[in-house]
Amino acid sequence: MTWQGRHDVRVETVPDPIIKEPTDAIVRITTTGLCGSDLHLYEVLTPFMTPGHILGHEPMGIVEETGPEVTRLSPGDRVVVPFQIACGHCWMCRSGLPTQCETTQVIEHGTGAELFGYTTLYGAVAGAQAEYLRVPQAQYGPIKVPEGVQDDRYVYLSDVLPTAWQAVEYAAVPRGGTLAVLGLGPVGIMSCRVAKVRGAADRIIGVDLVPERLRRARADGVEVYDLNDFSQQEDLVDAIRSTTGGRGPDAVIDAVGTEAHGSPLGRTAQRATGFLPREWAAKLTEKAGVDRLAALRLAIALVRRGGTISLSGLYGGMADPLPLMTMFDKQIQLRMGQANVRRWADDILPLLTDDDPLGVDGFATHRMPLEEAPRAYEMFQRKEDGAIKILMRP
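Residues numbered from 1 in each chain as written. Predicted model: local features only at pLDDT ≥ 70, side-chain atom pairs only at ≥ 80, totals over all residues. Heavy atoms only, no water.

Peer 1: What should I look at first to understand helix H4 (residues 186-198) in this one?
Peer 2: Three- or four-residue spacings in an α-helix give side chains the same orientation, since the helix completes a turn every 3.6 residues. Counted at 1.5 Å a residue, the expected span for H4 with its 13 residues is 18 Å, and the 18 Å between its end C-alpha atoms agrees. Among the residues making up H4, those that are buried are Pro186, Val187, Gly188, Ile189, Met190, Ser191, Cys192, Arg193, Val194 and Ala195. Buried residues along H4 sit in contact with helix H3 (160-171), strand E9 (178-182), strand E10 (203-208), helix H5 (211-219) and strand E12 (251-254). Gly199 sits one or two residues past H4 and shows a positive phi near 65°. (Helix = DSSP H or I, 4+ residues; strand = E, 2+ residues; numbered from the N terminus. Expected span 1.5 Å × (residues − 1). Buried < 20%, exposed > 50% of the residue type's maximum accessible area, 1.4 Å probe, protein only. Contact = heavy atoms within 4.5 Å.)

Printed below as a string of structure tokens:
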């Protein structure tokens, strides 16, 4: 699956990956996910993309070959591959922050660890929506999982599950508190499920505007609010605040990110870069890029004074205008960042049992062959046919 331009992705035949470093492994992909972050490449972050780049960062499969320094894996092992590439032995990795791995940081751009299938800002490493994947730092990254159950049980360990787990962890809801989740896509709805299974909040509130997402969350026992029922943000904030002692939720998870509905000025600014030469657009975005901040601004307005915002939705702007006076006055705590997959994997694995408390077996709404990936992107971006989570199989 290759990126060719804004809203232009194509399935092409490319050379098979090979071992390049002694810490590499080659994994034959059996299932790969389509993530909301992939849509940022489809729509917003095009200045940092190169035509022909292979997309995807939610894979699992079978180890085919390993480099001489990969001693914990053998051909035939079934593995999930985290979306970030980390060494496991640097100070950051040992501190539980593999997204900041000092071995794979992209120093040229001043960014964190390399990511599969993402932009030049994160190393432009070939991605996982493919038949085969070269996995750097395979002495640490891949997570071995048991045989005997369908891929759906484990594939979300690559991204969705640890992202949701970290979102709830960072939310730090006090005992007996209320958690609001903005955006009920894959990470948002899984955050609700994780919070419920962990007993992290007495009340869980979900906010979205897509009927299928609202129905799924309601079926999970989430108290849902439909954005379409409110003419302005203040009305929604008042409605939720009135049910929380007049204060607002103790914590809010922003699981939306930069492609929120609304913010027409931000949308226009993002799209304007598409009319510039790619090198110019990249430099402009790095220095003065703006996001559509509707979800984050809602989180700031909604959370109670002294509460916490946990930001798991991706933002990429360098000149975003934030209401710092309000944030300071409300004494808001803000935690954010890419999920540190290996930090949380051992906590999550015991929940991936036959009892399936997180509902992973039926989490995907669509399963498609990789050959239909362009249609999958279009469907997911337009929220057609109830598409909430799409898995693809080569």
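Peer 1: Sorry if this is basic, but what is going on with the nonpolar core here?
Peer 2: Side chains of nonpolar character tend, in soluble globular proteins, to be buried together. Counting 69 residues, the largest nonpolar core has Tyr156, Leu161, Leu179, Met190, Ile253, Tyr377 and Ile390 as its most contacted members. The leading source of residues in this core is H3, at seven residues. Judged by nonpolar contacts, the second largest core, of 22 residues, contains Ala180, Val207, Leu293 and Leu298. (Core = buried A, V, L, I, M, F, W, Y, C linked by side-chain atoms within 4.5 Å.)

Peer 1: Explain the sheet that holds strand E2 (residues 8-10) to me, please; I cannot follow it from the model alone.
Peer 2: For sheets, the rule is that strands pair by backbone hydrogen bonds, running either parallel or antiparallel. One open sheet accounts for three strands, arranged E2-E1-E4; its pairing is antiparallel. On the outer flanks of this sheet lie E2 and strand E4 (53-54), each paired with one strand and no other. (Pairing = 2+ DSSP bridges.)

Peer 1: Looking at this structure, I do not really get the pattern of salt bridges. What am I missing?
Peer 2: Close approach of charged atoms allows side chains with opposite charge to pair. Per the stated rule, a full pass over the model turns up 20 salt bridges. Asp152 is the salt-bridge partner of Arg367, the closest N and O atoms lying 2.5 Å from each other. Taken as a pair, Arg367 in strand E15 (residues 366-369) and Asp152 in the loop between strand E8 (143-144) and H3 lie far apart in primary sequence, 215 residues in all. One salt-bridge network, held together by shared partners, links Arg375, Glu378, Arg382 and Glu384. (Salt bridge = Lys/Arg side-chain N within 4 Å of Asp/Glu carboxyl O.)

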